[in-house]
Amino acid sequence: QVQVVESGGGLVQPGGSLRLSCVASGRIFSRSVMGWYRQAPGKQREWVASISRSETSTNTADSVKGRFTISRDSGQNTVYLQMNSLKPEDTAVYYCYADVPPLGNYSAKKYWGQGTQVTVSS
């Protein structure tokens with residue numbers, strides 16, 4: 001069974017930092033582009049960041065560029081989102097995903113975690 005599980009959310013003051021973690025099943029992690037979306041109350045889900053399988057390519061949304069950093073640890077099947085200089089508008093549920101490419105008879109598929117709440121407030 002494929003699992004994608006986030007952790008690390010919480011309440012933080014403006015200007016503070018948090019690090020989110022996401023562990024994915026080993027059989028998909030090594031083959032997948034990993035990334036994060038977020039969804040604030042009353043808003044559509046927004047892509048935040050992604051990292052390639054080889055860790056050589058990362059991308060971040062303009063809204064978080066220079067503040068958020070995505071990384072992955074293949075030995076731990078874990079992807080991280082380091083969030084610095086947090087703002088109230090970063091408040092959202094953050095979702096990790098694994099973008100699995102097609103293989104043989106299996107089509108491409110995106111697996112999602114359950115989400116972790118990040119609240120930035122004084």
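Refer to the structure presented above.
Everything numeric here is computed off the predicted structure, so don't read it as measured data. (Residues numbered from 1 in each chain as written. Predicted model: local features only at pLDDT ≥ 70, side-chain atom pairs only at ≥ 80, totals over all residues. Heavy atoms only, no water.)

Asker: Which residues make up the overall build of the protein, and what are the values?
Answerer: Regarding its fold elements, the protein presents one helix and 11 strands. Ordering the α and β elements of the protein from the N terminus gives β-β-β-α-β-β-β-β-β-β-β-β. In terms of principal-axis extent, the alpha carbons of the protein reach across some 50 × 30 × 25 Å. Of the contacts formed within the protein by residues at least 6 apart in sequence, a portion of 56% connects residues at least 24 apart. Here the protein displays about 6,600 Å² of accessible surface, and carbon together with sulfur accounts for 45% of that area. Counting 13 positive and 8 negative side-chain charges, the protein places the averaged centre of each group 5 Å from the other. (Helix = DSSP H or I, 4+ residues; strand = E, 2+ residues; numbered from the N terminus. Contact = heavy atoms within 4.5 Å. Areas by Shrake-Rupley, 256 points an atom, 1.4 Å probe, with all protein chains shown as cover. Lys, Arg positive; Asp, Glu negative; His and termini not counted. Charge placed at Lys NZ, Arg CZ, Asp CG, Glu CD.)

Asker: Tell me what's going on with the side chain of Asp-90, and back it up with residues and numbers.
Answerer: One can find Asp-90 in the loop between strand 8 (78-83) and strand 9 (92-100). Under the relative-accessibility criterion, Asp-90 is labelled buried at 1%. Here the side chain of Asp-90 touches Arg-38 through a polar contact of 2.9 Å, side chain to side chain. With residues near it in sequence (within four places) discarded, Asp-90 still touches Arg-38, Val-64, Arg-67, Phe-68, Ser-85, Val-118 and Val-120. (Buried < 20%, exposed > 50% of the residue type's maximum accessible area, 1.4 Å probe, protein only. Polar contact = N/O pair within 3.5 Å; in protein donor to acceptor, adjacent residues only side chain to side chain.)

Asker: Give a detailed account of the sheet that holds strand 7 (residues 68-73), specifying residues and quantitative values.
Answerer: Working definition: the strands of a sheet are paired by backbone hydrogen bonds and lie parallel or antiparallel to each other. With antiparallel pairing, four strands are arranged side by side in an open sheet as 1-3-8-7. Each edge of the open sheet carries a strand with a single partner, namely strand 1 (4-7) and strand 7. Sheet twist, expressed as the mean angle between neighbouring strand axes with direction ignored, is 15°. Alignment of strand 7 against strand 8, held across six bridges, turns out to be antiparallel. When the bridges of strand 8 are listed, Phe-68 appears paired with Met-83. (Pairing = 2+ DSSP bridges. Axes fitted to C-alpha atoms, helices over the stretch in contact; angles between N-to-C directions.)

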